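A structural walkthrough
Spelled out, the chains give:
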Number of protein chains: 2
Amino acid sequence: MTTVDDVSRPSRLAEPDEGITVEELRLAARNHGIPLEALRYDVTPAGLHYLLIHYDIPDLDPATHAVTVGGAVDRPLALDLAALRARPRVTRRVTLECAGNGRALLHPRPVSQPWLVEAVGNAEWTGTPLAPLLREAGIAADAVDVVFTGADHGVERGVEQDYQRALPVADALREEVLLAYEMNGAPLLPQHGAPLRLIVPGWYGMAHVKWLRAIDVRTEAFDGYQNAVAYRLRRDADDPGVPVTRIEPRALVRPPGFPDFMSRTRVLRPGPCTLDGRAWSGHAPVVSVEVTTDGGATWAPARLDDQSGGEFAWRGWRHEWTAEPGRHVLGARATDASGRTQPVEQPWNRGGFANNLVQRVEVVVLPG
Amino acid sequence: MTTVDDVSRPSRLAEPDEGITVEELRLAARNHGIPLEALRYDVTPAGLHYLLIHYDIPDLDPATHAVTVGGAVDRPLALDLAALRARPRVTRRVTLECAGNGRALLHPRPVSQPWLVEAVGNAEWTGTPLAPLLREAGIAADAVDVVFTGADHGVERGVEQDYQRALPVADALREEVLLAYEMNGAPLLPQHGAPLRLIVPGWYGMAHVKWLRAIDVRTEAFDGYQNAVAYRLRRDADDPGVPVTRIEPRALVRPPGFPDFMSRTRVLRPGPCTLDGRAWSGHAPVVSVEVTTDGGATWAPARLDDQSGGEFAWRGWRHEWTAEPGRHVLGARATDASGRTQPVEQPWNRGGFANNLVQRVEVVVLPG
């Protein structure tokens, strides 16, 4: 008899020379990255921000949708969009990055959403802070986790589920955490969680639950699939691992010049060229970006733009380069105030998370 | 010495068991399809419409951008956005599909943008008709082609170029052809050609030149790369082939139930289930859609929605199905008033264009 187990296969690593599979391609055709030239926009325009959607985009009616606050609270609540919009309104510029960014560049490659380096975006999220709402509900003194449930429903590794992620209470009570109903000044788009999503500044994307329908306070640790099974840094399949939480530092170069359609190799004329890009970290402010134009042999400090977007937004950087004819490999490396920096050797783990290996941008500078 | 030839490799077919390459994946991460559940929207919302961008998205200033009309005309023109907006305003609902849709399902697979079935969208495009503008400019009696040039610049197969496509004069003068500055009631997004693009209802996407900066009337046939080399139906690399023009008929099923994350296999509970989806053709109105729930062994007629979106918009369809426990393969087949229909064997050509082979949606219906 056919059961829900039959639709999922076990997780696996690709064979050494195995190309991207049709299943990975099917995910890539849905879940797109930011086109790297769009790093030019400080605030990522609609449709260019990366997307990672586990199941289908739900079809929710903003006129009737409500979020409940329940579990270990004194006063359970239910708030519709009008009630949420009547509460204090905050706008924050926040860089979101998928925890799986960089996965398809790993050797061996964990078979899942095959990101290269482009699963990022920086948007302005508007909503109401979560912490005052939790305090109004009266969370129990012995509360441990707060579980956020989306309206998106599917199967992963044989487990049928609504998408659910928990935050430890202390993280849920951070003042920066928002229940967001607008992105870049407009109501959320369907694919970004319309009509309501969570925003957890500094954390990888899996924490920012979309299509939010329930907030549930628990006095025991949450052991749901997305916390206990999926988003963990493991050495191998038997390792219980540690949770994926905050975004590791990363810088991206906005590829200069113009591309070849198929190889995406960049073509430049020789001469002075200002390289620029963005850098971010979820742990602490970015304090330096270094640039290489020789594939990592040497590094030079980049000039950082003002941190005008606030502490959770990416930061612009630029670097003057004299492009000489020939082939070059560009890259950039961010370091944050916690001392974390980007590795030049891959930080491999079984799920392919948080691979912030330095990007390689291949460039051909034409003869003068 | 390094030249522009060195950034491009010749076109090729994948080896029989060759997985998707990193180059194809890099294109897939940029150029996304419509998530198939978004077939629920008659008008595709921002960010869910498919995208195919040959080079980089240019950074144009709508305040200063202008399009020129020149070549074999009596009165060359230059019009900025204000001038275009002051002209007659028309809104048309138009289904756009990439000519390469279906390419990655072909055997052997042409190595290029690896679309499965999702390179489509249906939007409302607002702009001003092109034909009156060409008449005002006074096109030469012996004009043959009208060349449209975008501001996007790159290299393909060693040819450095601005993206350029020509239409035969008769096609350029069709009353439906628009110079569009809005999509779904808002100014064009950067990735859809902001601030101005061409819309050629009924034609595959390559004709709808984005970031339009010049319109050039020619008295000799245009032999630019995108017309003479790229978008042609060829049996093999030596075949001169025929141009890719209008969209072949296609129907897509909106996958029912809910998905497994990785395999995208659909899971349903048994019982009555209304299947629905969209169907379109660029040659003539869709006159019938047939549905299969047994992988093509038998077909039943679907009910067509009204053609309320006009003759160039996709048309909704639905079909009542009783889902019985077990595995099923769903599909749909559109036929248009010209008698064209979808094949059940792949329509192979060297560039992988216009593959409108019937879609396969794998479904598991659980026990009752």
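Just so it is clear, the structure is predicted and the values come from calculations on it, not from any experiment. (Residues numbered from 1 in each chain as written. Chains lettered and ligands numbered in written order. Predicted model: local features only at pLDDT ≥ 70, side-chain atom pairs only at ≥ 80, totals over all residues. Heavy atoms only, no water.)

Attention shifts here to the domain arrangement of chain A. Residue and element names in this part refer to chain A. For chain A, the domain assignment lists domain 1 (4-235) and domain 2 (250-365). Relative to domain 2, the C-alpha centre of domain 1 lies at a distance of 27 Å. If you look at the interface, domain 1 gives 40 residues, while domain 2 gives 23 residues. Interface of domain 1 and domain 2: buried area, both sides summed, is about 2900 Å²; carbon and sulfur atoms make up 58% of it. For the pair domain 1 and domain 2, the number of links is two salt bridges. A salt bridge links Asp42 to Arg278; the shortest N-O distance between them is 3.2 Å. The interface formed by domain 1 and domain 2 holds 15 residue pairs in polar contact (both at pLDDT 80 or more) in total. For the side of domain 1 that touches domain 2, the leading source of residues is strand E3 (residues 90-97), giving four residues. Here the side of domain 1 that touches domain 2 is composed, by residue class, of 18 nonpolar, ten polar and twelve charged. (Domains from an automatic or database assignment. Contact = heavy atoms within 4.5 Å. Buried area = accessible area lost by both parts, 1.4 Å probe. Salt bridge = Lys/Arg side-chain N within 4 Å of Asp/Glu carboxyl O. Polar contact = N/O pair within 3.5 Å; in protein donor to acceptor, adjacent residues only side chain to side chain. Helix = DSSP H or I, 4+ residues; strand = E, 2+ residues; numbered from the N terminus. Nonpolar A, V, L, I, M, F, W, Y, C, P; charged D, E, K, R; others polar.)

Moving on, we come to the UniProt feature "domain: Oxidoreductase molybdopterin-binding" (unreviewed entry) in chain A. The positions that UniProt labels "domain: Oxidoreductase molybdopterin-binding" (unreviewed entry) are, in the present scheme, residues 54-225 of chain A. For the annotated span residues 54-225 of chain A, helix accounts for 10% and strand for 40% of the residues, and the straight-line distance between the end C-alpha atoms is 13 Å. (UniProt positions renumbered as here; feature names shortened; annotations may be inferred.)

A few words now on helix H1 (residues 22-30) of chain B. For an α-helix, the turn length of 3.6 residues means that residues three or four places apart are oriented alike. Where burial is concerned, most of H1 of chain B is hidden: seven out of the nine residues are buried. Glu23, Glu24, Leu25, Leu27, Ala28, Ala29 and Arg30 of chain B are the residues of H1 of chain B that are buried. (Buried < 20%, exposed > 50% of the residue type's maximum accessible area, 1.4 Å probe, protein only.)

The next thing to look at is the relation of the copies chain A and chain B. Of the transformation superimposing chain A on chain B, the axial component is 0.0 Å and the angular component is 180°, with the fit at an RMSD of 0.0 Å. One copy is carried onto the other by what is essentially a two-fold rotation axis. Take the interface residues of chain A: 100% of them recur as interface residues in chain B, which is what a same-surface contact looks like. (Least-squares fit on C-alpha atoms with pLDDT ≥ 70 in both.)

Time to look at the pairing of strand E10 (residues 212-218) of chain B. Residues and elements named next belong to chain B. With four bridges connecting them, strand E1 (residues 66-71) and E10 associate as parallel partners. Following the sheet pairing, Gly71 is matched in E10 by Val217. Relative to E10, strand E5 (residues 145-156) runs antiparallel, the two being bridged by six bridges. When the sheet's bridge partners are listed, Asp145 is paired in E10 with Arg218. (Pairing = 2+ DSSP bridges.)

Right, let's talk about the sheet that holds strand E20 (residues 315-323) of chain B for a bit. Residue and element names in this part refer to chain B. Taken in spatial order, the four strands line up as E13-E16-E20-E19 in an open sheet, and their pairing is antiparallel. Of all the strands in the sheet, just strand E13 (250-253) and strand E19 (303-304) have a single pairing partner and so form its edges. Direction of pairing for E19 relative to E20: antiparallel, over a ladder of two bridges. Bridging across to E20, Leu304 finds its partner in Trp317.

What follows covers the pattern of salt bridges. Residues and elements named next belong to chain B. For the coordinates displayed, the defined rule picks out 42 salt bridges over all chains. Arg89 serves as the salt-bridge partner of Glu182, at 3.0 Å between the closest nitrogen and oxygen. Of the two residues, Glu182 sits in strand E7 (residues 178-183) while Arg89 sits in the loop between helix H2 (81-85) and strand E3 (90-97), which places them 93 residues apart along the sequence. Classification of Glu182 by relative accessible area gives buried; the value is 8%.

Another point: the side chain of His208 of chain B. All names here are of chain B. With respect to the helices and strands, His208 occurs in the loop between strand E9 (197-199) and E10. Look at His208 and you get buried, because its relative accessible area is 1%. Among the polar contacts made by the side chain of His208, one reaches the main-chain carbonyl oxygen of Trp203 at a distance of 2.9 Å. Residues in contact with His208, not counting those within four places in the same chain, are Leu96, Arg197, Leu198, Ile199, Val200, Pro201 and Trp203.

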